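Breakdown of the fold
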Amino acid sequence: MTRFHVRPTLVQRLKGDQMSDRSDEILTIDEVAAYLKAGKRTVYRLAASGKLPGFKLGGTWRFRRGDLDQWIATRINKKVDDSEGAE
């Protein structure tokens, strides 16, 4: 019996690379505001106070998508923990 090895197409490989690189994607304040569905001022205030993970590059804020995803997950887990303790 002959077995064939199916190789992923170029498009499939590129899509896989995009997914792994997505967490390293750098976002601007405008992009973060859209991603979080929040106002730009709110994003700036949270970043400036150190509550939102970000860094300044040439005087403007930048954010790593993976850091934001982690921040969101932490906040969701905190809410779940808080609500379980309230019972």
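Further up the page is the structure itself.
Residues numbered from 1 in each chain as written. Predicted model: local features only at pLDDT ≥ 70, side-chain atom pairs only at ≥ 80, totals over all residues. Heavy atoms only, no water.

This paragraph deals with the overall build of the protein. Each helix and strand counted, the protein has four helices and three strands in total. Starting at the N terminus, the α and β elements of the protein follow one another as α-β-α-α-β-β-α. Counting only residues that meet the buried cut, the protein has 16% of its 87 residues in that class. A total accessible area of about 7,300 Å² is found for the protein, and carbon and sulfur atoms account for 53% of it. (Helix = DSSP H or I, 4+ residues; strand = E, 2+ residues; numbered from the N terminus. Buried < 20%, exposed > 50% of the residue type's maximum accessible area, 1.4 Å probe, protein only. Areas by Shrake-Rupley, 256 points an atom, 1.4 Å probe, with all protein chains shown as cover.)

Before going further, it helps to examine helix 2 (residues 29-36). Turning to helix 2, its buried residues number three or more, namely Ile 29, Val 32 and Ala 33. When helix 2 is viewed along its axis, its buried side chains cluster within an angular range of 100° and face the same direction. Backbone geometry just downstream of helix 2 places Lys 37 in the positive-phi region, at approximately 55°. (Arc of directions from axis to C-beta.)

Positive phi, close to 55°, is recorded for Lys 37, a residue that is not glycine. Considering the arrangement of structural elements, one finds Lys 37 in the loop between helix 2 and helix 3 (40-48). Relative accessible area serves as the criterion here: at 75%, Lys 37 is assigned to the exposed category.

Keep in mind that these numbers describe shape and distance, not what the molecule does.
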